[in-house]
Amino acid sequence: MAVSERFYTMSTPFSRELVDECISQLRIDEVGNATIREIVALVNAVEEKSSDKFIRMEMGVPGLPPAKVGVEAEIEALKSGVASKYPMIDGIKPLKEEASRFVKLFMNVDVKPQGCIPSVGSMQGTYSAFMVASHVDPKKDTLLFIDPGFPVQKQQMFVMGCRYETFDVFSYRGEGLRTKLESILSKGNINSIVYSNPNNPSWICFTEAELQIIGELATKYDVIVMEDLAYFAMDFRQNLYTPGEPPYQPTVAHYTDNYVLFISSSKIFSYAGQRIGIMVISDALYNRDYENLKPRFHSNSFGNTITQRVLYAISSGTSHSAQYALAAMFKAANEGKFNFVDDVKEYGEKARIMKDLFLKNGFHIVYEKDGDQLVADGFYFTVGYPGMTGEELLHNLLYYGVSAISLKNTGSEKEGLRACVSHVSRDQFDDLEKRLVQFHNDFPLN
Ligand SMILES: Cc1ncc(COP(=O)(O)O)c(C=O)c1O
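Predicted, not measured: the structure shown is a model, and the values here were computed from it.

**Student:** I'd like to hear about the pairing of strand S5 (residues 190–196), residue by residue, with values.
**Tutor:** Taking burial as the measure, the seven residues of S5 include seven buried ones, the bulk of the element. The sheet contact formed by strand S3 (residues 142–147) and S5 spans four bridges and is parallel. Its bridge partner being in S5, Thr142 is matched across the sheet by Ile190. Where S5 meets strand S6 (residues 224–228), five bridges bridge the pair, whose relative direction is parallel. When the bridges of S6 are listed, Tyr195 appears paired with Glu227.

Encoded structure:
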């Protein structure tokens, strides 16, 4: 019997009919192209109509309680009455100062408090920085994403009507990255380069050599690097929590002055609900005048345009109490009193076990290495299954009660899925194993 025929006669943990009925009720044309939120709605719908639970790996949300030091500081701030007062658009002084210290102590990067600006999540930070960068030079009208990447950032670009290009970095690691970037940057139309490090979705981390390449080329072609550090210090292969001591969180900031760093509180401090992150603009870029910003924003310098024009227009700053929370979390981390890395290490531990279960059952890790090192175990990992496209794999795994998102959605050219470990609890590992064993039995490899 052919595999497909065998499969149709087998019973799966969740009935095919139920899953397919929910897919059509939600008007999802092809599950492989569904957005993260559509997969969430689909799995909710299937779970509602069955007695069993999915192993949910589709959404990248924190699975840990918020950092206590942040919650306490925020309550204090609210009690003291900050809720009635507009915060400064470019951030309250204690936050700017602690953020500047944080990048010094954990990255060994010097940036004045002036350039450390809170935003309503890193989402608002990237939105404003992408908007300004898209207008610094009429010839440089295109932003370059080093993919795979975080899909919502592309949504930001089309909401703004701004142009972008992308390429999948899979085949361009090491020196290959230089050749690829030169071939794109030499066209002269790129204003910025965007990537996340550690990377959502693949969890690759650029090596120092790769960051150096990006930094050198950014200087050579005068483009801005937007380094998204949503998973700051979460490359657990090294211990990145020792304030003021190496090893530091790797960054392009050591190799160019044209950078904006985005540090989100959502994952490292499990503070996603309060929507606060910090944008760190290098001193040089903050104060740099771009003639083209004047006609568009009535402002010259990069830093002023972001704060006094864009952030003012879109939200007039970031929640006052959340700024006190973030200031307190940075302060405690800076003073060696809050080892935020230890608090989130559980993600890496779970990833190690879960990856092993997948590997034992015929799956492979799609983005497997950084240079000659295996990628770290962390918040996400990528899996593929021989003979199946990412779309087919996702669709089939749903019948086995395992959900994830297709790598296609992230700008990857590889076949496979992104799995997020945060919402899988350890007591689900047995179920995960049973389901993967059955999947592997039902789809045996030659
Ligand atoms: C790479 C990346 N950047 C940014 C964000 C969003 O961060 P925030 O919650 O601070 O808006 C996420 C969240 O999943 C992310 O994965």
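**Student:** Describe the packing of helix H4 (residues 68–79) against helix H13 (residues 320–334), listing the residues and the values that go with them.
**Tutor:** Orientation of H4 relative to H13, taken along the N-to-C sense of each, is 140°, at an axis distance of 7 Å. Classified by the interaxial angle, the pair formed by H4 and H13 is oblique. Crossing of H4 over H13 shows right-handed handedness. Together, Val69, Gly70, Val71, Ala73, Glu74, Ala77 and Leu78 of H4 and His320, Ser321, Ala322, Tyr324, Ala325, Leu326, Ala328, Met329 and Ala332 of H13 make up the contact between the two elements.

**Student:** So what's going on with the site of the ligand? Residues and values would help.
**Tutor:** Neighbouring the ligand are 13 residues, the closest being Gly121, Ser122, Ala230, Ser264 and Ser266. Top element by residues in the shell around the ligand is helix H6 (residues 121–133). It accounts for three residues. Its residues assigned to classes, the shell around the ligand shows four nonpolar, eight polar and one charged.

**Student:** So what's going on with the environment of Asp90? Which residues, and what values?
**Tutor:** Tracing the sequence through the fold places Asp90 in the loop between H4 and helix H5 (93–107). Classification of Asp90 by C-beta neighbours within 10 Å gives buried; the count is 24. Spatially, the C-alpha atoms of Asp90 and Glu335 are 24 Å apart, while their sequence positions differ by 245 residues. If we skip the residues at most four places from it in the chain, Asp90 touches Ile117 and Thr307.

Scoring rules and cut-offs
Residues numbered from 1 in each chain as written. Predicted model: local features only at pLDDT ≥ 70, side-chain atom pairs only at ≥ 80, totals over all residues. Buried ≥ 20, exposed ≤ 12 C-beta atoms within 10 Å, placed from the backbone. Helix = DSSP H or I, 4+ residues; strand = E, 2+ residues; numbered from the N terminus. Pairing = 2+ DSSP bridges. Axes fitted to C-alpha atoms, helices over the stretch in contact; angles between N-to-C directions. Parallel < 35°, antiparallel > 145°, perpendicular 65-115°, else oblique. Left-handed = near helix turned anticlockwise from the far one by under 90°. Contact = placed C-beta atoms within 7 Å. Near = placed C-beta within 6 Å. Nonpolar A, V, L, I, M, F, W, Y, C, P; charged D, E, K, R; others polar.

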